[in-house]
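Each chain is listed here by its residues.
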Amino acid sequence: MDHLVLTVIADDQPGLVERLAKCIADHGGNWLESRMSRMAGQFAGILRVAVPADAHAELTAALEGLQAQGIRVLLAHSGAEPTASWQEIQLELVGNDRPGIVRDITHLLAEHGVNLESLDTEVLPAPMSSELLFRAEVRLAVPSDLSLERLQERLETLADDLMVELKLQPAEQA
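Residues numbered from 1 in each chain as written. Predicted model: local features only at pLDDT ≥ 70, side-chain atom pairs only at ≥ 80, totals over all residues. Heavy atoms only, no water.

The UniProt entry lists residues 90-169 under the feature "domain: ACT" (unreviewed entry), expressed in the numbering used here. From the first C-alpha to the last, residues 90-169 spans 5 Å; its make-up is 32% helix and 45% strand. (UniProt positions renumbered as here; feature names shortened; annotations may be inferred. Helix = DSSP H or I, 4+ residues; strand = E, 2+ residues; numbered from the N terminus.)

Moving on: the sheet that holds strand 3 (residues 42-51). With antiparallel pairing, the four strands of this open sheet are ordered in space as 2-3-1-4. One side of each edge strand has no neighbouring strand; the edge strands of this open sheet are strand 2 (30-39) and strand 4 (72-77). This sheet shows a mean twist of 15 degrees between the axes of neighbouring strands, independent of strand direction. As defined by bridge partners, strand 1 (residues 2-11) adjoins strand 4 across six bridges and the pair is classed as antiparallel. Residue Ile9 lies in a different strand from strand 4, and its bridge partner there is Arg72. Across the face of the sheet, helix 2 (residues 56-65) comes into contact with strand 1, strand 3 and strand 4 while running at roughly 150 degrees to strand 4. (Pairing = 2+ DSSP bridges. Axes fitted to C-alpha atoms, helices over the stretch in contact; angles between N-to-C directions. Contact = heavy atoms within 4.5 Å.)

With that out of the way, let us pick up the sheet that holds strand 8 (residues 164-170). The four strands lie next to each other as 6-7-5-8, forming an open sheet whose pairing is antiparallel. Whereas interior strands pair on both sides, the edge strands pair on one side only; in this sheet they are strand 6 (115-125) and strand 8. For this sheet, the mean inter-axis angle between neighbouring strands, taken without regard to orientation, is 15 degrees. As paired elements, strand 5 (residues 86-96) and strand 7 (residues 132-143) share eleven bridges and run antiparallel to each other. Opposite Leu93, over in strand 7, you have Ala136 as the bridge partner. Each of strand 5, strand 6, strand 7 and strand 8 touches helix 3 (residues 101-111); the most contacted strand, strand 5, lies at about 155 degrees to it. Along the sheet, helix 4 (residues 148-162) makes contact with strand 5, strand 7 and strand 8, crossing strand 8 at roughly 165 degrees.

Written as structure tokens, this is what we have:
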């Protein structure tokens, strides 16, 4: 079996995921995992499918054919899983919204060789005021040779500069 990673985007509409799932199943594919969401009138997602090697070309053509229905699909072969030793850490961040928060946090993480496994963000009104709050939940893969105390220290310094609160803790295993 080949594994493909698909990125999907389309105008949000009922039945969109069903059409995608039918296309995959009709060509012998197996839907393995996905992350999908509606945002600003668009539906976007990423998913991993297993497909028999002899059905790969037909599935690829069928998925590209969904463009006629307004469903854009980008395909990639799945890559190799990292062989390095990682610690999974959960980062939660909240603060007044302003441009550059994601840029600054991800820059610091990249400098330390930390990989983002998942990133969920939102901007929402503060409970007792009309100010907008930026909230992020991030699952990190931290290299085993990186001191968590050092990472925490650097993140706290940056959090002070950004005027955000953050919490770093071991990730809950699913």
